[in-house]
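# Structure assessment
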Amino acid sequence: MATRVGAATKKAAPAKGAAKTKKAPAKKVPAKKAAPAKKVPAKKAPAKKAPAKKAAPAKSPFGAKWLTAQEELLQQERATYLHQAESLEAEARDLVADFQGGDTQFDEESGEGDTLSMERERDLTLSASARAAIEEIDHALAKFALGTYGICEHSGLAIPKERLEAIPWARERVEYKVGGFGRR
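For the structure given in this document, a descriptive report is provided here. (Residues numbered from 1 in each chain as written. Predicted model: local features only at pLDDT ≥ 70, side-chain atom pairs only at ≥ 80, totals over all residues. Heavy atoms only, no water.)

All right, on to the overall build of the protein chain then. Check the secondary structure of the protein chain and you find 4 helices and 2 strands. Along its sequence from the N terminus, the protein chain presents helices and strands in the succession β-β-α-α-α-α. Taken across its 184 residues, the protein chain has 18% of its residues classed as buried. Of the contacts formed within the protein chain by residues at least 6 apart in sequence, a portion of 57% connects residues at least 24 apart. In the structure as shown, the protein chain presents an accessible area of about 15200 Å², 57% of it carried by carbon and sulfur atoms. (Helix = DSSP H or I, 4+ residues; strand = E, 2+ residues; numbered from the N terminus. Buried < 20%, exposed > 50% of the residue type's maximum accessible area, 1.4 Å probe, protein only. Contact = heavy atoms within 4.5 Å. Areas by Shrake-Rupley, 256 points an atom, 1.4 Å probe, with all protein chains shown as cover.)

Relative to the assigned elements, Arg163 resides in helix H3 (residues 161-166). The residues contacting Arg163, other than those within four sequence positions of it, are Ala170, Glu172, Arg173, Val174 and Lys177.

Quick look at helix H2 (residues 115-146) now. Its 32 residues place the ends of H2 47 Å apart at the C-alpha level, agreeing with the 46 Å of an ideal helix rising 1.5 Å per residue. Within H2, the full set of buried residues consists of Asp123, Ser127, Ala130, Ala133, Ile134, Ile137, Ala140, Leu141, Lys143 and Phe144. (Expected span 1.5 Å × (residues − 1).)

Next up on the list: the side chain of Ser127. Inspection of the secondary structure assignment puts Ser127 in helix H2. When near neighbours in sequence (up to four residues on either side) are disregarded, Ser127 contacts Ala85, Leu88 and Glu89.

Considering all chains together, one arrives at 4 aromatic pairs under this definition. Residues Phe62 and Trp66 carry aromatic rings whose centres are separated by 4.6 Å and whose planes lie at 40° to one another, so their mutual orientation is tilted. By the burial criterion, Phe62 is buried, and Trp66 matches it. Seen from their ring centres, Trp66 and Tyr149 are 6.4 Å apart, and the 40° between their planes marks the pair as tilted. Placement of the pair is Trp66 in helix H1 (residues 64-98) and Tyr149 in the loop between H2 and H3, with a sequence separation of 83 residues. In terms of burial, Trp66 and Tyr149 fall into one category: buried. (Phe/Tyr/Trp six-rings, centres within 6.5 Å; stacked < 30°, edge-to-face > 60°.)

Soluble, globular proteins show a tendency: their nonpolar side chains are buried together. Core analysis: the biggest nonpolar cluster contains 15 residues, and Trp66, Leu67, Leu74, Phe144, Tyr149 and Leu164 have the highest contact counts within it. Where this core is concerned, the elements lending two or more residues are H1 and H2. Of the residues forming this core, the biggest block, 4 residues, is contributed by H2. (Core = buried A, V, L, I, M, F, W, Y, C linked by side-chain atoms within 4.5 Å.)

Let us now look at the environment of Ala158. Residue position: Ala158 is located in the loop between H2 and H3. Counting along the chain gives 15 residues from Ala158 to Arg173, while the straight-line C-alpha distance between them is 7.8 Å. Excluding its chain neighbours within four sequence positions, the residues that come into contact with Ala158 are Pro61, Phe62, Gly150, Ile151 and Arg173.

Once that is clear, we can look at the pattern of salt bridges. Scanning all chains against the criterion turns up 7 salt bridges. Residue Glu153 is joined to Arg171 by a salt bridge in which the shortest nitrogen-to-oxygen separation is 3.6 Å. With Glu153 in the loop between H2 and H3 and Arg171 in the loop between H3 and helix H4 (174-177), this pair connects stretches of sequence that are 18 residues apart. Since its relative accessible area comes to 39%, Glu153 is described here as partly exposed. Residue classification places Arg171 among the partly exposed positions, given a relative accessible area of 28%. Here Arg173 and Glu175 are joined by a salt bridge, their closest N and O atoms 2.7 Å apart. Connected through salt bridges with shared partners, the residues Glu136, Lys143, Glu153 and Arg171 form a single ionic network. (Salt bridge = Lys/Arg side-chain N within 4 Å of Asp/Glu carboxyl O.)

Here's what the structure looks like:
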């Protein structure tokens, strides 16, 4: 019986009384030579690309006459909201100036609570709403200078004229406004 140790082979001593049989000597298998390494050509450095240009926003698909009318409408709406905001704030200030500590009534006709304070709070809330509308109108007016008035800020598609005539400061198409397409 031959056992292989490393690369050399040894024969085990035969057991006593066992017949001797001759085995053919083990053949040495030459080790495979490693294939010579193929030289891979060095990769060329990638050519520097020009910085990617930002996609230009879509231009308004509406006619100049209609756009001018919309811009004038927005200016009128802005003036109206500004007047409302200022008059409501002035009214709230006047309520505070006229307030005296004994003005609160707790009877059956007037109900409980401070009526002047509630009116003042209502005026300030309505004034804040008017100021928020003014900010939306200013945003829409800025889009005229960029040429993007009437383009949905989510999809880049044109907002329908009917929507813009109803809400001239609309930023998006109805399907994006109500939580439909593209909402996260």
